[in-house]
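What follows is each chain in one-letter form.
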Amino acid sequence: MATQGIRNLTLDLRVERFPYHQPFRISGHVFTETALLVAELSDGTHAGRGEGAGVYYLGDDIDHMLAEAERVQGTIESGATREDLQTLLPPGGARNALDCAFWDLEAKQAGRPVWELAGLDRPAALRSTLTLGADSAANMAKASLAIDPEAPVKVKLTGDLADDIARVVAIRTARPDAWIGVDANQGYDRETLEALLPVLVDTRVAQLEQPLRRGREADLDGLKRPLPFVADESALSLADTVSLVGRFDVVNIKLDKCGGLTEGLAIARQAKKLGLDVMVGNMMGTSLSMAPSYIVGQLCDIVDLDGPTFLARDREPGVEYRGGMIRCPDEIWGS
């Protein structure tokens, strides 16, 4: 279902900033806040909201998102639909915010929740990873003991082989029974990756996310994958999905990358047809970002929706993390 072409829609666009409670480090970057584009779309009776965090490694920052949304504001207010949005804007944070605002508005207009409009069953709680930002091995081992003991653990690597090996070994020693996945964020090349893989196998790491740089996917050809490889930066949109087969085992869907729930659902369904497992992740953001991703998560094998846990404050009401699970109350979005 989608909104009909309704004239006299009003679109409010604003920027909101949410600081982290401490710096968050990954390969090549340190983050201290998330700047979000918030879109609110109203027909005069009902209003729908969405937010976008953008994609930092593509230059999709807050200024770019705001400019993209403002570029199509008049067209949307003149009656463009959610389907029109897929060609009005490329994938990215601006389209994500607007697409999710459309879905939220449609749910309110129809008096039906988004999950029902999307053809899904009522959402269930999902087991979600909690992420450890890159730090010293000792600090990361300590941090792994401070998080929910029932949650799967996602470990950020930096591409420094010796340091990353020490990190993984220390965390496995501290958490001998935990599900552990690692995320290289494009930090490796073929040679260093081949040196890392035996350590990941020995420490029973469950999956390796985005080992090589986007554009270097062919370097994986002929490489034996002793554990599942996850495509993140190599899988931006629906158009990338077919090319992942044979090089990756899992596709990580992020709504900021693909441009919203509409395309996120399409990727999940296509990936399953191609024999790929499906993961849902996030580019940080508040619970307003997690709620539509939670819908995609109902189709996924792996869930990584812990963005709000890094924030000094979240929206109210917010998603709940308890017992290794994420729960998204209906009143947050899309009901």
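This write-up is about the structure you can find in this document.

Scoring rules and cut-offs
Residues numbered from 1 in each chain as written. Predicted model: local features only at pLDDT ≥ 70, side-chain atom pairs only at ≥ 80, totals over all residues. Heavy atoms only, no water. Core = buried A, V, L, I, M, F, W, Y, C linked by side-chain atoms within 4.5 Å. Buried < 20%, exposed > 50% of the residue type's maximum accessible area, 1.4 Å probe, protein only. Contact = heavy atoms within 4.5 Å. Salt bridge = Lys/Arg side-chain N within 4 Å of Asp/Glu carboxyl O. Helix = DSSP H or I, 4+ residues; strand = E, 2+ residues; numbered from the N terminus. Pairing = 2+ DSSP bridges.

**Considering the nonpolar core**
Line of reasoning, step 1. The biggest cluster of nonpolar side chains holds 65 residues, and the ones touching the most others in it are Val182, Leu193, Leu200, Leu208, Phe229, Leu261 and Trp333.
Line of reasoning, step 2. With sequence-adjacent residues up to four places away left out, Val182 is seen in contact with Val155, Leu157, Val168, Leu200, Val205, Gln207, Leu208 and Glu209.

**Re the pattern of salt bridges**
Line of reasoning, step 1. Under the counting rule described, the total for this entry stands at 25 salt bridges.
Line of reasoning, step 2. The partner of Lys108 in a salt bridge is Asp104, with the nearest N and O atoms 2.6 Å apart. Of this pair, Lys108 and Asp104 both sit in helix α3 (residues 93–110), four residues apart, which is roughly one turn of the helix.
Line of reasoning, step 3. Lys154 is paired through a salt bridge with Asp304; the nearest N and O atoms lie 2.7 Å apart. Within this pair, whereas Lys154 is found in strand β6 (residues 153–156), its partner Asp304 is found in the loop between β12 (302–303) and β13 (320–322), the two being separated by 150 residues in sequence.
Line of reasoning, step 4. Residue Asp304 is classed as buried on the basis of its relative accessible area of 3%.
Line of reasoning, step 5. A single salt-bridge network, built from bridges that share partners, covers Asp12, Arg14, Glu16, Glu40, Glu51 and Arg315.

**Structural notes on the pairing of strand β11 (residues 277–280)**
Line of reasoning, step 1. In this structure, strand β10 (residues 250–253) lies alongside β11, joined through four bridges in parallel fashion. In the sheet register, Val251 faces β11, and the bridge partner there is Val278.
Line of reasoning, step 2. Here two bridges tie β11 to β12, and the two strands are oriented parallel to one another. Each bridged residue has a counterpart across the sheet, and for Val280 the counterpart in β12 is Val303.

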